[in-house]
Amino acid sequence: RVHGGVNRVFENMELSQAQHLVVFVHGLGSAGDRHGIHIKSEFDRLFGPEQQMYICKGNTGLFPIHTFYKTCEGIELGGHRITDEIIQIISKYPNITALSFIGSSLGGLYSRYAIRTLFAAQTNPFNRSIRSHAFITLATPHIGVRGAYRASGASLSSWVQTGRDLLFFDDSTTERSKPILSCMTEPSFLDALKKFEIRIVYAPILDDGIVCCETASISAVTNTVSGTNAQSVIVEESMVNGEIAEVGDSWIPADDKSAQIREAAQKLREVGWVVVKANINHKQLATLYPSCARYPSTHTAPLLDHIFARLKYP
């Protein structure tokens, strides 16, 4: 047990036949692994025993308040916990030959941190070949929230590491010389991402004051796609990479961190992603629960179908 321990990892798991493991990683807050319940239930309904979804518990506490505190301890520590948990699972089940990720909100950043160790060129913690299939994030603040929710974020950042991380604060308490989100665009992190056959980010068009469309879609410019008159929950799907210059007004504040945020966005885009913009908000997208006031009970079904179609393996 390291980085806080994951001694509950293997309770009630039936992975003996799994060849492709899809890991769901939850984000910030007290709900923890409950955020993945609906996605997993739909996944289990559609896929056979050779493809299994596992909801990570490394950042989940025994009680909701413990989960909240664990997810406030920063991207680095949370990412280490996920790394340790996955290594234990892969070691226990030698039949697993492929790995995919679904990172929900902050869970997408935990996942990006974890794969640097799991798939780095210089290491192989699995002691066998594991194919990296799909890397998917749901409403993840890939380039932080500094320009989007500066006022509320500033108060949060004064006492929790996760808030500092999302606002690109330098942290003198660690060995890092720059913000963690800048560190996570270094070659070792990006090379791990490039190993995945499929990379998709899902971004919410509707702003609920938590994660905006711009950071979830890895964009340095203000989103101009509107879902007001959209007939479908999926409003836009496009391919982005660093070779295509972004045009438009920037949402990033003109302060001492703006250059770092822009650089992080540019480097991350160079990896190449499919960007899907959805006509729902962050909370709805991060959990994909089947109902909300804006849409009928089936409004998340097209998104689930879209995700599951890309998770099919081989």
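Look a little higher up for the structure.
These numbers come from a predicted model, not from an experiment. (Residues numbered from 1 in each chain as written. Predicted model: local features only at pLDDT ≥ 70, side-chain atom pairs only at ≥ 80, totals over all residues. Heavy atoms only, no water.)

(A) Fine view of helix 2 (residues 64-71). Looking only at helix 2, the buried set comprises Thr 67, Lys 70 and Thr 71. Within helix 2, the buried residues cover an arc of 90° as seen down the axis, which keeps them to one side. Considering only its buried residues, helix 2 is in contact with helix 3 (75-92), helix 4 (106-118) and helix 6 (161-166). (Buried < 20%, exposed > 50% of the residue type's maximum accessible area, 1.4 Å probe, protein only. Helix = DSSP H or I, 4+ residues; strand = E, 2+ residues; numbered from the N terminus. Arc of directions from axis to C-beta. Contact = heavy atoms within 4.5 Å.)

(B) Geometry of the state of the cysteines. The full count for this structure, using the stated rule, is zero disulfides. Just so you know, Cys 212 is unpaired, no disulfide at all, and the nearest cysteine sulfur is the one on Cys 213, 7.4 Å from it. (Disulfide = S-S within 2.5 Å.)

(C) Spotlight on a nonpolar patch on the surface. Residues Leu 62, Phe 63, Ile 65, Tyr 69 and Trp 159 make up a contiguous nonpolar surface patch of roughly 620 Å² in combined accessible area. Its location among the elements puts Tyr 69 in helix 2. Given the relative accessible area of 48%, Tyr 69 is considered partly exposed. (Patch = residues over 30% accessible without salt bridge, like charges linked within 9 Å, V, L, I, M, F, W, Y side chains within 5 Å. Areas by Shrake-Rupley, 256 points an atom, 1.4 Å probe, with all protein chains shown as cover. Salt bridge = Lys/Arg side-chain N within 4 Å of Asp/Glu carboxyl O.)

(D) A look at the environment of Ile 200. Position of Ile 200 relative to the elements: it lies in strand 5 (residues 198-204). A sequence separation of 98 residues divides Ile 200 from Ile 102, and the C-alpha atoms of the two residues are 9.6 Å apart. Ignoring sequence-local partners within four residues, the contact set of Ile 200 consists of Phe 135, Ile 136, Thr 137, Trp 273, Val 274, Val 276 and Arg 310.

(E) The sheet that holds strand 5, seen in detail. The strand order 2-1-3-4-5-7-6 describes an open sheet built from seven strands, whose pairing is mixed. Only two strands of the sheet have a single partner each, and these edge strands are strand 2 (51-55) and strand 6 (234-240). On average, each strand axis in the sheet is tilted by 15° relative to the strand beside it, whichever way the strands run. One ladder, built from five bridges, connects strand 4 (residues 131-138) with strand 5; its direction is parallel. Pairing of Phe 135 across the sheet is with Arg 199, part of strand 5. Across the face of the sheet, helix 4 comes into contact with strand 1 (20-25), strand 3 (98-104) and strand 4 while running at roughly 150° to strand 3. The strands touched by helix 12 (residues 301-311) within the sheet are strand 1, strand 2, strand 3, strand 4, strand 5, strand 6 and strand 7 (273-278), with strand 4 carrying the most contacts at an inclination of about 165°. (Pairing = 2+ DSSP bridges. Axes fitted to C-alpha atoms, helices over the stretch in contact; angles between N-to-C directions.)

(F) Quick look at the nonpolar core. Ranked by internal contacts, the top residues of the largest apolar core, which has 54 residues, are Leu 21, Ile 86, Leu 99, Phe 101, Phe 119 and Trp 273. Looking at this core, the elements that each hand over two or more residues are strand 1, helix 3, strand 3, helix 4, helix 7 (180-183), helix 8 (187-194), helix 10 (258-269) and strand 7. If you tally residues by element for this core, the top one is helix 4, at seven residues. The residues contacting Leu 21, other than those within four sequence positions of it, are Leu 15, Gln 52, Tyr 54, Ile 89, Ile 90, Ile 96, Ala 98, Leu 99 and Ser 100. Counting residues in hydrophobic clusters, the runner-up holds 25 residues, among them Ile 55, Leu 285, Leu 304 and Ile 307. (Core = buried A, V, L, I, M, F, W, Y, C linked by side-chain atoms within 4.5 Å.)

Note that every value here comes from positions in space, so none of it alone points to a role or purpose.
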